[in-house]
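Geometric and topological summary
One-letter residues, chain by chain:
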Amino acid sequence: MIYEWYVYFLKKNIGLKIRKNLWKPKYPENTEMAQFLAHVNAQFNSHLKSYNDLYKWSIKNISDFWKTVWEYTKVIYSSSPKEIIDDENKMPGAKWFAGARLNFAENLLKYRDNKKAIIFKTEGSLSREITYNQLFKEVEKLSSALRNSGIKSGDKIIGFMPNIPETVIAMLSATSLGATWSSCSPEFGIKGALDRFKQIEPKIIFATNGYYYNGKLHNTINKLSQIVLGLPSIIQTVIVDYPDSSINTNQIPKSIRYSDYKNSKITPLEFIQLPFNHPLYIMYSSGTTGLPKSIVHGAGGTLLQHLKELILHCDLKREDTIFYYTTCGWMMWNWLISSLSVGATIVLYDGSPNYPNLNRLWEISEELKITVFGTNAKFIDTCNKSKLSPKKLSDLSSIRLILSTGSTLADKNYDYIYKNINLDLLLGSISGGTDIISCFALSNPMLPVYKGELQSPGLGMDIDSFDPNGNSLINKKGELVCKSPFPSMPLYFFNDIDGSKYYSTYFEKYSGIWHHGDFISINKEGGIRIHGRSDSTLNPGGVRIGTAELYSITDLFPNIEDSLAITQKWKDDQRIILFLKMKSDKKLSNQLIKEIKESIRENLSPKHIPKLFISVPDIPYTMNGKKIELAVKNVIEGKEIDNRSSIINPDAIDFYKNIPELLID
C-alpha cells in the first residue's frame, strides 16, 4: 500500500513514470535464448552481451540472423537454400530461402517415440492420450486415404472441427502431401463458414457431428449439410464420430465416417518436399466489417517463426507440457501445434473455459503438470473479477510461463497473476496476429517482467512506433510498424490477383513499411505497451486515445463487468461514448459515472473523459475473444453487419441499434 501511494505521488506531482518489476529470471544464462546468443557470438566473432544487443544484431543482419535460426533450430530439409533473402530492403515482395525444399509436417513429426504428443481434455471426464509414435501412424493412415482420394500438392483441405486430436491429424496428413489446410470453429454459422471456405474451393472437408460448450452437446449435422451443399468443389465429407457416435450423419452429402475413410489401403508415409514459400495455411480476418480476407501463409516462414518463438522466446523443451486455450479458427491453434516440432506434449481442450466452473483449466493444469499455460486476456480478467484464487484450489507450481493474448492484458491482471497463481513464473503478454501467424512482441526468458509491459520485441522483428508522418517515437503512443521484411509475412491474399488488397491492408499508410493497425508505445528500455487497435482509435479534439487506456480504468471498478468505447461524429468533432456492462445485480448510477470521470481525469487526461456513459446488457466479441469496437461503431452509424456469424455473441450487436441518446438529426 505504501509503494502504491508513493508511485501515485510521483506520477501526480513529478510526472515520473515508475516501472514496477514483478519478476526476474534466476538463471538467465541457462535459457535457450542465452545459448543462442553465445552461438551467435561464436559463429560471427561478435561480442553481444545482452538481449538488447542480440535484438539489434538480428534486425541489422537479417540474412545472417534467419540463416542462424534455420541452422540452430535444426529445420529438416531436403535441399538447402541458395540465398536467404534476395533484397533486405524490399517490402513487400522479398523472396526468402530460394532453393530450399522441406515439408512442414515432417518437421512436426520428427519424434516417433512413446512420449506423449497430445493430451485431449473436455469439460467432462473424456480424456485421451496419443504418443508421438501413435501420432505418426495415424497421420500415415489418413495421408494414405487422402492420396487415394486424389489429393495432391496445392489442393485445399478444410476442417469444420473442434479442438480435438483428429483436427491435428487431418492438418498434418494434408500438409504431408503438400495440400493447404484451412479451418474454422464449428461455432461459426453457415454464412460465416461459407464466407471463408467458398473463396478457396476446397476438395475435402473434415467435420465432427457436434462439439461441447457450457455443458451442452451442440449437434452440427444440419449446419454441416448446408455448408457442404454450398461448396460444390467438395468431393468428400469425412465425419469424425465426436462427441456422439449415435448421431445420424446420413443426410450429409458425400459423407464417409472418419474411421472407415482412414482404414483404406495404407502406404508408407511420404513427405512431399516443397519450396520454402509453398502455401501451408489459409487464415481469415475477423470479417466483422466485410467479407473475411483469406490470408495465405507459407510453410517455411510459419515453421521458422514458430521455432524461433517457441524455442527461444518461450524456452520450450521436450519435457514441457504446453496448453493454449484456443479454437481451431484462431492462429494460436496453429502456433500451439507447432510445439510438436520441439517434441513437447501439447494439451487440447474442447469446451468452455468456465464450465463446470472457472477453475476447470487450472484443475487440468495441476492434473497434467502443465508448464506453459496460454489463454486470452479476457479469461484472466474474468478470473480476477470473480475473485478466484486458483492457487488456493490447485497446485500450480508446475507452471513456469503464462502467455496472454487476444487483447491487451490490463495492469491489474499482472498483479492478479502473481498474487493468485504463482510468484515464480514468467508472465508473457504477447502480440501479433493472424496477419503474421506469429508475434511482433512477446515473452523473453532472459528479461524481467514489468507491470503492464510486453517484455520485448521478437528477434528479427524490426518494430517501431510511428507518428502519422512516419517519425519514430520513444515512449509515446504511435502506430505499430515493422520496418524490415520477415519470413512469416503473408504470401498473398486469396483471389487478390494484382495484390492491391494486400498492399492497401499493410503498406498504404507508410510506403515500404508494414503497418499493423495497433496503437503502441515503446520505452527506451525496450518495454512495450499496446493501447488497442488504431483503426478504433479515439480522436476527440485531435488527441489520439487508445481504447485500452479507458479499459484500464473501467477494469478498476468492481461493479463493472465489461466496457467498450467508440467515438461518434459530433459538432464538427468527435465525442467518446463509453458503453458499460454492469454486474448482474448492479446499476449504472450518476455517482459511479462521476467516480469514473474523476479516475480518468487523474490517471489519463480530461480529453479522455467520455461525453456519454451508456449501460448495455452485453459487449460483442469475436470468436477469438476480441472486442468488436469497429462493428459497434458501424451499427451506430446505421450500417449493417453482414458477417454476424463471426461474432461469438451476435445478438449483442442488436443492443446498439437506435439508441436514443446517439441519434443525430
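See the structure above.
Below, the structure is looked at part by part.

Thresholds, definitions, all that
Residues numbered from 1 in each chain as written. Predicted model: local features only at pLDDT ≥ 70, side-chain atom pairs only at ≥ 80, totals over all residues. Heavy atoms only, no water. Helix = DSSP H or I, 4+ residues; strand = E, 2+ residues; numbered from the N terminus. Rg over C-alpha atoms; globule rule 2.2 N^0.38 Å. Buried < 20%, exposed > 50% of the residue type's maximum accessible area, 1.4 Å probe, protein only. Contact = heavy atoms within 4.5 Å. Lys, Arg positive; Asp, Glu negative; His and termini not counted. Charge placed at Lys NZ, Arg CZ, Asp CG, Glu CD. Phe/Tyr/Trp six-rings, centres within 6.5 Å; stacked < 30°, edge-to-face > 60°. 1 Å grid on protein atoms, 1.4 Å probe; cavity = no way out; pocket = protein on both sides within 12 Å on 5 of 7 lines; lining within 4 Å. Points joined across faces, edges and corners; volume = space filled by probe spheres on them. Nonpolar A, V, L, I, M, F, W, Y, C, P; charged D, E, K, R; others polar. Core = buried A, V, L, I, M, F, W, Y, C linked by side-chain atoms within 4.5 Å. Pairing = 2+ DSSP bridges. Axes fitted to C-alpha atoms, helices over the stretch in contact; angles between N-to-C directions. Salt bridge = Lys/Arg side-chain N within 4 Å of Asp/Glu carboxyl O. Disulfide = S-S within 2.5 Å.

1. Re the overall build of the protein chain
Secondary structure assignment for the protein chain yields 20 helices and 33 strands. The C-alpha atoms of the protein chain give a radius of gyration of 24 Å, which matches the 26 Å a tight globule of 665 residues would have. When its C-alpha atoms are laid out on the principal axes, the protein chain stretches across 75 × 65 × 55 Å. Residues counted as buried form 60% of the 665 residues belonging to the protein chain. For the protein chain, the proportion of contacts with a sequence separation of at least 24, taken over those separated by at least 6, is 71%. Where the 79 positive side-chain charges of the protein chain centre and where its 69 negative ones centre are 2 Å apart.

2. Observations concerning the packing of aromatic side chains
Across all of its chains, the model carries 37 aromatic pairs by this definition. Centre to centre, the rings of Trp66 and Trp96 are 6.3 Å apart; their planes meet at 80°, and the pair counts as edge-to-face. Linking Trp66 in helix H4 (residues 62–72) with Trp96 in strand S3 (residues 96–98), this pair joins segments that are 30 residues apart in sequence. Residue classification places Trp66 among the buried positions, given a relative accessible area of 1%. Between Tyr212 and Tyr242 the ring centres are 5.9 Å apart and the planes differ by 85°, which places this aromatic pair in the edge-to-face class. Of this pair, Tyr212 sits in strand S10 (residues 210–213) while Tyr242 sits in the loop between strand S12 (236–240) and strand S13 (255–257), placing them 30 residues apart in sequence. Linked through ring pairs, Phe36, Phe44, Trp57, Phe65, Trp66, Trp70, Tyr72, Tyr77, Trp96, Phe97 and Phe276 together constitute an aromatic cluster.

3. A few points about empty space enclosed by the protein
According to the stated counting rule, one finds three cavities of 30 Å³ or more in the structure shown. If you add up the space inside the largest cavity, you get close to 110 Å³. Every element with two or more residues in the lining of the largest cavity is listed here: S10 and strand S18 (345–350). Looking at the lining of the largest cavity residue by residue, the class counts come to eight nonpolar, five polar and two charged.

4. Regarding the nonpolar core
Grouped burial of nonpolar side chains is what soluble globular proteins tend to show. Of all hydrophobic cores here, the largest spans 152 residues; its most connected members are Phe206 and Trp514. The residues contacting Phe206, other than those within four sequence positions of it, are Leu142, Leu146, Ile157, Ile158, Gly159, Phe160, Met161, Ala170, Trp181, Val238, Tyr258 and Tyr261. Listed in part, the 37 residues of the second largest apolar core include Ile596, Ile619, Ile628 and Ile636.

5. Observations regarding the sheet that holds strand S20 (residues 401–405)
Taken in spatial order, the seven strands make up an open sheet running S6-S5-S18-S17-S19-S20-S21, and their pairing is mixed. With one partner strand each, in any of the chains shown, strand S6 (127–131) and strand S21 (426–429) form the two edges of the open sheet. The sheet shows a mean angle of 15° between the axes of neighbouring strands, direction not considered. Pairing geometry for S20 and S21, over four bridges, is parallel. Bridge pairing links Leu403 to Gly428 in S21. Contacts between helix H6 (residues 132–148) and the sheet are confined to strand S5 (116–122) and S6, with S6 contributing the most and set at about 85° to the helix.

6. A few points about the sheet that holds strand S33 (residues 612–615)
On the basis of which strands lie adjacent, the open sheet formed by three strands has the order S31-S32-S33 and mixed pairing. With partners counted over all chains shown, the strands left at the sheet margins are strand S31 (560–570) and S33, one partner each. Each strand axis lies, on average, 25° off the axis of its neighbour in the sheet, ignoring direction. Across the sheet, helix H19 (residues 590–603) lies against S31, strand S32 (573–582) and S33, angled at about 130° from S33, the strand it touches most.

7. Quick look at the pattern of salt bridges
Should their charged atoms come close, side chains of opposite charge can pair. The final tally for this structure, using the stated rule, is 28 salt bridges. Several salt bridges share partner residues, and in doing so they unite Asp381, Lys385, Lys412 and Asp555 into one network.

8. A closer look at the state of the cysteines
Overall, the coordinates contain zero disulfides when judged by the stated rule. The closest cysteine sulfur to the non-disulfide-bonded Cys314 is located on Cys439, 7.7 Å from its own sulfur.

9. Considerations on the layout of surface pockets
Size it by volume and the second largest pocket reaches roughly 550 Å³. Considering the residues around the second largest pocket, the lining is formed by 28 residues, among which Asn52, Ile522, Asn523, Glu525 and Gly526 are closest to the centre. Elements supplying a minimum of two residues to the lining of the second largest pocket: helix H3 (51–60), strand S24 (449–450), strand S25 (456–457) and strand S26 (463–466). Per element, the largest residue contribution to the lining of the second largest pocket is six residues, and it comes from H3. Here the residues of the lining of the second largest pocket sort into 12 nonpolar, seven polar and nine charged.

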